[in-house]
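This is what each chain is made of:
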Amino acid sequence: MANDGKPIKAAPTAKDFKGNIAPDWCPGCGDFGVLRALEMACAKTGREPHEFVTISGIGCSSNLPGFINTYGMHTLHGRSLAVATGMKLSNHEMKVIVTGGDGDGYGIGGNHFLHTVRRNIDLMYIVMNNQIYGLTIGQTSPTSRMGMKTKSTPFGSIEQPLNPLALAILSGATYVARGFSGDTKHLSELMYRAIEHNGFALVDVFSPCITFNKDNTFAFFKQRVNKLEEQGHDPTNMQAALEQAMIWGDEIPIGLFYEDTTRDALEDLEPVLQDGAIGRKTDLAVTKEQGESIVKRMM
Amino acid sequence: MGNYDFAIGMGGAPGQGIESSGPLLLRICARRGIYAFTYSAYQSLIRGGHTFLTMRLSSEPVANHGDKIDLVIALNQDAMDKHLQNVVPGGAILYNSDNTKPEGDVPEGVQLCPLSFKELSNNSRNRIMLNTLLLGAALNMLGAGLEQLENILTIQFQRKGQEVVDENVGIARAGFDHAAEHFTPFPASLPMQDKPLAVTTGNDMMAMGGAAAGVKFYCAYPMSPSTGVLHWMATNARDLGIMVRQVEDEIGVANMAIGAAHGGARAMCATSGGGFALMTEAIGSAGMMEIPVVIINVQRGGPSTGLPTKTEQGDLWQLLGASQGDFPKIIVAPTSIIDGFTVIPELFNLVDKYQCPGMVLSDLTLSMGYTNFDPDHLKWDQEIDRGEIITEDNGSDENYQRFKITDSGISPRALPGTPGHVHVVATDDHDEDGVLISDEFTNPHKRRDIMEKRQRKMDGIMAELPAPTLTGSEDADITLIGWGSTDSLLDEAASLLRAEGYSTNHIHFRWLYPLDEEKVNAVLAKCKRGIIVEGNYTGQFARFLRGETGFNAEGHIRKYDGEPFMPHHIVDGAKEIEAGKTELYIPYQEIVV
C-alpha cells in the first residue's frame, strides 16, 4: 500500500512504490511491465518515494505518474522534458524520472527531446514506444514502420520512422538503452542503472499496444529481441553503439547501447547549484551589498 | 530659472556608434544629476538602416520622450535629411561637413553647426570617433564642461592603452573647442544638480525587480524587445545565485519555468507577443496545476512577426485569452521604467499566495527606453511572501491533499521532496487528491467542486488589487484614461491641456486583470468626458473595460504606426474630441525614421 511518502523504516521495496490508483490501461498493455520494472528499479536504489518525482506528458503511458507512489507531475502533451528540466534544476537533490510515449517524446516533444539530450541533464527518460498513438485510438506515430496501416494511414504509412537511439547517441546522450516490457527483470536493471547514471539517460522500451498495433505485438518482439549483454557489446564504444542502433529485422538488439561516464551533467557545471537546491532556498532577498554593487554599475 | 527640459536627437546608421554614445551622454547627465528618458527609433538590422535616438533631459524626473527636439546630432546625410525639419526654433543641428549638408529650406531659427571630421581629427580613419567629436561639440553648446566625458572615455578605453585614451579625449576636446569658437551656445545651461543619478532601462528594471523578489530561476528564448531581461539575468546570475537558462523555444521556456516553480523556486521568464503565443498552453497548465509563475510579455507591433523594433499595446486580448478554459490569473502593466522594479515583487507575492500564473504586460517603449533615476528609489528589501507552502514533514497522519477544497480556494502547497506529502499535480482536471476526474473516474460533482475552488481564488485576488489611480481634480471636464506605459505621457498631456484652459484629469490602470467592477466604477463614475488612449487599432482596452464595467468612453485616441505617443498627440486629440469633431483621433507621426 502507498504510504504518501512517509519515511520508511526498513529499506524500501517495490511495494512501497505502488500507487493508490490501479492503472486504467487496457488489460495486457505493455505499460504494466514498465510500471513494475520501474517500481523495482526505484526500490533498488534504496531511496524513498518522496525523493523521486515522476513527470510525464500526455498519452496512455503518460498516465504512469498517477499509478506510482512518488511525487508526480502530469504535464502537457510533449512538454514533460522541459518541465522536468526546470524541476531538476530547481531541486537537483531529487531523482527525476520522465515517462511518456513515442508520440509524446519523439513527435510533439521532439524539439525538447533533442535539446534535453544535448544538455546532459541528470534525469531518466523512459519512452514506452508502441509505434502507435493509442490514447487517440490508433494513428501513425514517429516510430511507426513504413507501410504500417493505421486510422490516419489507411493505405499504409509512406514516412520513414525515426531512430530514437541513434538520434540520442548522436545528440550527446550519455546513457542510451532499450528494453522490452516482456522482460521486466532486464528492463528494471536498465532503469536502475539509468537512475544511478549521472546525466541524461534514455530508456526506450518496446511496450506493445495490444489494442491498436497489430504489427508490433508481444510475439513480434519476443521472437526478435536479442540482449546486447549476451553479445559482448562494448557500451563505451559510440561507433559500435550506433551500429547496433541501426539494426532492425529478424533480430532487434535490446540492452545498454551506449554509456559515457566521463561527461559532467548539466547541474555539475552550474556554480549556482553548488550550495544547494535553489527551490529550497529560504533566504531569497538581494543583500544590501549586492544591491549596492548593482547600483554602482548603473552610475 | 525654470525647469530644464531639453531634447537631443541623435540620428545615423546602426553601427555608427549611437548605441554607445547615447548611453554615454546619459551617463554624463546622470553624473550631473540630470534626469532623462530616451526613446530609440530603430530597425531590425545590425548594420545599415537608420536609427534615431531621442534623449529628453530634465532637471525633474521624466518618463516620456516629450514633444520637441532642440538639438539634432546628425551622423550622416540621411539623418540630416530626415530630421532637420524636426528641430524647433532656437534649436541647432550638428553634423560632419565632410559628407553632410543641409538640403532644402532650413527651418527658421535653427542654427547650422558644421564640423569637419577630417580637419578636426587629423584625417583619422577611425570614423566611429565622429560620435565623440560631435558629443564634445554638443557639450559645449549645452554649457557643460568636458570633465565627465573625459572621465568616462578614460575608463572606457583604459585597457586599450594611453594612446587610445588620448586619441578619444583629444577628439572630444577638438569638438568642444571648435564649438566654443564657432557656434552659439544654448541659453539655458545643462544644470549641475547635487544628487548623482543612475542609468537604467525598463528591461533591466524588471530583471532587478525579479532579483529583489527572490527569483532564482529565469529562462528565456531571445526575442526583441524582451531580450534585455535575459542579458541582465545572465550577467548577474552567479553573483545573485540565479539559475539562468536559454531554452530551445518559448514552449520550453514556459514549461521549464513551471517545472522550476513547482520545485520551489520563484521562476520568471520574458518574451514578446509571438513567443507568448507559444507559451499559452503552458500558462493554462500552471493555472490547472496551481503553480505560481511570472511571465513578462514585452509588446511590439503585431500581428505575427509584425514590427520587431516598434512599439504597440496590442497584446492585451492575447493575455486575457491566453490558454483554453477558465483559471485564475493576474495581469499587470507597469506604468514606468521605475515601476518595472516594484511591480515584479508585488506580483510574485500575489501569485505565490494564490498559486496561479501572473503576467506582466510591458512594451518596447518602456522596456528598451533608458532613464536616469535616483537609485535610492530602489528598495532591495522587498517583502517576500511565499504564501502557504509546506517544506517539512509536519508529522500529521492526516492524508495530505494537494488540492484540498477550502473557503479561500487556496490549498497549502507541499514542495516535492517533502516527506509525508507525496502527490501528483496534473494538467488533466483532478480531485482534491490529484486523482484525474476526466477519464475513468469521470465525476461532474468533483469537477464542479474543484473548478469552483480554483475560481474562488479570484475573489481574494480581486479584493487585494487596488482601484485605478486618478490624478487631477475629481470633477474635471475631460478624463484621459490609459493603461501601462503611458502614465507619465497622459499626466503631461493633462497638464498641457490644463495650461490651455481645459479642465482635465487622468485615470490610469496598472492592474488589468481581474478588474473589480465596483472599485473601478467608483472611479469611472466621476468621468464627464472619458477619452481612452491606447496604442492599438481596435481599442482593446476600451472593449475590455466596457465588457467588465459597462463603461463607454466618449472618445478614443489610438496609435498603431509603431512609434510611441508624444504628449501633443494627446493634447491635439483631446481638443478635437472635446470640440465634437471626432470620436476617434489617430495622431500623425511627425518624426519618421
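What counts and what doesn't
- Residues numbered from 1 in each chain as written.
- Chains lettered and ligands numbered in written order.
- Predicted model: local features only at pLDDT ≥ 70, side-chain atom pairs only at ≥ 80, totals over all residues.
- Heavy atoms only, no water.
- Contact = heavy atoms within 4.5 Å.
- Salt bridge = Lys/Arg side-chain N within 4 Å of Asp/Glu carboxyl O.
- Polar contact = N/O pair within 3.5 Å; in protein donor to acceptor, adjacent residues only side chain to side chain.
- Helix = DSSP H or I, 4+ residues; strand = E, 2+ residues; numbered from the N terminus.
- Domains from an automatic or database assignment.
- Buried area = accessible area lost by both parts, 1.4 Å probe.
- Pairing = 2+ DSSP bridges.
- Axes fitted to C-alpha atoms, helices over the stretch in contact; angles between N-to-C directions.
- Parallel < 35°, antiparallel > 145°, perpendicular 65-115°, else oblique.
- Left-handed = near helix turned anticlockwise from the far one by under 90°.
- Buried < 20%, exposed > 50% of the residue type's maximum accessible area, 1.4 Å probe, protein only.
- Phe/Tyr/Trp six-rings, centres within 6.5 Å; stacked < 30°, edge-to-face > 60°.
- Lys NZ or Arg CZ within 6 Å of the ring centre and 35° of its normal.
- Expected span 1.5 Å × (residues − 1).
- Arc of directions from axis to C-beta.
- Disulfide = S-S within 2.5 Å.

K.L.:
Can you walk me through the interface of chain A and chain B in this structure?
P.N.:
Many descriptions give the size of an interface as the accessible area lost when the pieces come together. Counting from both sides, the interface comprises 53 residues of chain A and, opposite them, 74 residues of chain B. Inspection of the region where chain A meets chain B yields two salt bridges. A:Glu270 is the salt-bridge partner of B:Arg245, the closest N and O atoms lying 3.6 Å from each other. At the junction of chain A and chain B, the tally comes to 21 residue pairs in polar contact (both at pLDDT 80 or more). Put simply, the parts of the chain that give the side of chain A that touches chain B at least two residues each are strand 2 (71–74), helix 2 (80–90), helix 4 (110–119) and helix 9 (288–297) of chain A.

K.L.:
Explanation requested: the domain arrangement of chain B in the structure shown.
P.N.:
All names here are of chain B. Each assigned domain of chain B is listed here: domain 1 (5–182), domain 2 (199–377) and domain 3 (469–585). Every contact between the two is made by 16 residues of domain 1 and, on the other side, 14 residues of domain 2. Between domain 1 and domain 2, roughly 1300 Å² of surface is buried when both sides are summed, and carbon and sulfur atoms account for 59% of that area. On the domain 1 side of the contact with domain 2, Phe 37, Tyr 39 and Tyr 42 bury the most area, a combined 39% of that side's loss. Scanning the region where domain 1 abuts domain 2 turns up zero salt bridges. Here domain 1 is connected to domain 2 by seven residue pairs in polar contact (both at pLDDT 80 or more).

K.L.:
How do you make sense of the sheet that holds strand 6 (residues 200–206) of chain A when you look at a structure like this?
P.N.:
Hydrogen bonds between backbone groups are what pair the strands of a sheet, and the pairing can be parallel or antiparallel. The strand order across the open sheet formed by nine strands is 7(A)-8(A)-5(A)-6(A)-4(A)-3(A)-1(A)-2(A)-17(B), and the pairing between neighbours is mixed. At either margin of the open sheet sits one strand with a lone partner, and together these are strand 7 (225–227) of chain A together with strand 17 (424–426) of chain B. Within this sheet the neighbouring strands show an average axis-to-axis angle of 20°, counted without direction. Both strand 2 of chain A and strand 17 of chain B contribute to a ladder of three bridges, which runs parallel. By the bridge assignment, A:His74 is partnered in strand 17 of chain B with B:Ala426. Its contacts with the sheet place helix 1 (residues 31–44) of chain A against strand 1 (52–56), strand 3 (95–101), strand 4 (123–129) and strand 6 of chain A, and it is angled at close to 160° to strand 4 of chain A.

K.L.:
Hey, could you run me through the packing of helix 16 (residues 517–524) of chain B against helix 17 (residues 540–549) of chain B in this one?
P.N.:
The packing of two helices is summarised by the inter-axis angle and the distance between the axes. Residue and element names in this part refer to chain B. For the pair helix 16 and helix 17, interaxial distance at closest approach is 10 Å and the crossing angle is 115°. Classed by the angle they form, the pair helix 16 and helix 17 counts as roughly perpendicular. Along this stretch, helix 16 crosses helix 17, giving a crossing that reads as left-handed. Note on element contacts: helix 17 touches helix 16 through Leu 545, Glu 548 and Thr 549, opposite Glu 517, Val 520, Asn 521 and Leu 524.

K.L.:
Looking at this model, I keep getting lost on unusual backbone geometry. Mind explaining?
P.N.:
The phi angle of most residues is negative, glycine excepted, and most peptide bonds adopt the trans form. Residue and element names in this part refer to chain B. Each neighbour pair has its own omega, and for Ser 224 with Pro 225 the value is 0°, a cis peptide bond. Structurally, the position occupied by Pro 225 is in the loop between strand 8 (215–220) and helix 8 (227–240). Gly 302 connects to Pro 303 through a cis peptide bond whose omega is -5°. As for its placement among the helices and strands, Pro 303 is situated in the loop between strand 11 (293–299) and helix 11 (316–320). Notably, Glu 290 is not glycine yet its phi reads approximately 55°, a positive angle. With respect to the helices, strands and loops of the structure, Glu 290 is situated in the loop between helix 10 (273–289) and strand 11. With relative accessibility at 0%, the residue Glu 290 sits in the buried group. Positioned with a positive phi, Gln 355 is a non-glycine residue whose angle comes to about 50°.

K.L.:
What am I meant to see in the packing of aromatic side chains here?
P.N.:
By convention here, two paired aromatic rings are described through the distance between centres and the angle between planes. All names here are of chain A. The tally for this structure, following the rule as stated, stands at 18 aromatic pairs over all chains. Each member of the aromatic cluster is reached from another via a ring pair, and the members are Phe 180, Phe 206, Phe 218, Phe 220, Phe 221 and Trp 248. A cation over a ring is seen here: Lys 44 above Tyr 192, with NZ or CZ 4.5 Å from the ring centre. Directly above the ring of Phe 220 sits Arg 224, whose terminal nitrogen or CZ lies 3.9 Å from the centroid.

K.L.:
What is the right way to read helix 1 of chain A from this model?
P.N.:
Side chains three or four residues apart in an α-helix point the same way, a direct result of the helix having 3.6 residues per turn. Residues and elements named next belong to chain A. Here helix 1 is 14 residues long and its end C-alpha atoms lie 20 Å apart, about the 20 Å a rise of 1.5 Å per residue gives. Considered for burial, the residues of helix 1 that qualify are Asp 31, Gly 33, Val 34, Leu 35, Ala 37, Leu 38, Glu 39, Ala 41, Cys 42 and Ala 43. On its buried face, helix 1 is in contact with strand 1, strand 3, strand 4, helix 6 (184–196) and strand 6.

K.L.:
Mind showing me how you'd approach helix 9 of chain A here?
P.N.:
Those residues of helix 9 of chain A not exposed but buried are A:Gly291, A:Ile294 and A:Val295. With its buried residues spanning 100° around the axis, helix 9 of chain A presents them on a single face. Projecting away from the buried face of helix 9 of chain A at angles above 90 degrees are the exposed residues A:Glu289 and A:Lys296. Summarising the contacts, the buried residues of helix 9 of chain A are in contact with helix 7 (202–213) and helix 8 of chain B.

K.L.:
Quick question: what am I supposed to make of the state of the cysteines here?
P.N.:
In a disulfide, the sulfur atoms of two cysteines are held together by a covalent bond. Using the criterion set out here, one finds zero disulfides over all chains in the structure. With no disulfide of its own, A:Cys60 lies 6.6 Å from the sulfur of A:Cys29, the closest cysteine sulfur. Given a relative accessible area of 26%, A:Cys60 falls into the partly exposed group. Lacking any disulfide linkage, B:Cys356 is separated from the closest cysteine sulfur, that of B:Cys269, by 14 Å. Of the residues examined, B:Cys356 reaches a relative accessible area of 0% and is grouped as buried.

K.L.:
Looking at this structure, I do not really get the pattern of salt bridges. What am I missing?
P.N.:
All names here are of chain B. Throughout the structure, instances matching the rule amount to 37 salt bridges over all chains. Close ionic contact of Lys 68 with Asp 70 constitutes a salt bridge, the shortest N to O distance being 3.2 Å. Judged by its relative accessible area of 29%, Lys 68 falls in the partly exposed class. Taken together, the salt bridges that share partners define one network made up of Arg 266, Asp 352, Arg 386 and Arg 413.

K.L.:
Just checking my understanding: could you explain the sheet that holds strand 7 (residues 198–201) of chain B for this structure?
P.N.:
Residue and element names in this part refer to chain B. A sheet is described by the order of its strands in space; here eight strands give the open sequence 6-5-4-1-3-2-14-7, paired in mixed fashion. The open sheet is flanked by strand 6 (111–115) and strand 7, the only strands paired with a single partner. Averaged over all adjacent pairs, the angle separating strand axes in this sheet is 15°, with direction ignored. Its contacts with the sheet put helix 7 on strand 7 and strand 14 (370–373), and the angle it makes with strand 7 is roughly 90°. Each of strand 2 (35–41), strand 7 and strand 14 touches helix 12 (residues 337–354); the most contacted strand, strand 14, lies at about 80° to it.

K.L.:
Sorry, what's going on with the pairing of strand 8 (residues 252–259) of chain A here?
P.N.:
Remark: a regular strand shows side chains that alternate across the two faces of the sheet. All names here are of chain A. Buried residues dominate strand 8, accounting for eight of its eight residues. In this sheet, strand 8 lies alongside strand 5 (residues 175–180) in antiparallel orientation, the contact comprising four bridges. Bridge pairing in strand 8 places Arg 178 opposite Gly 255.

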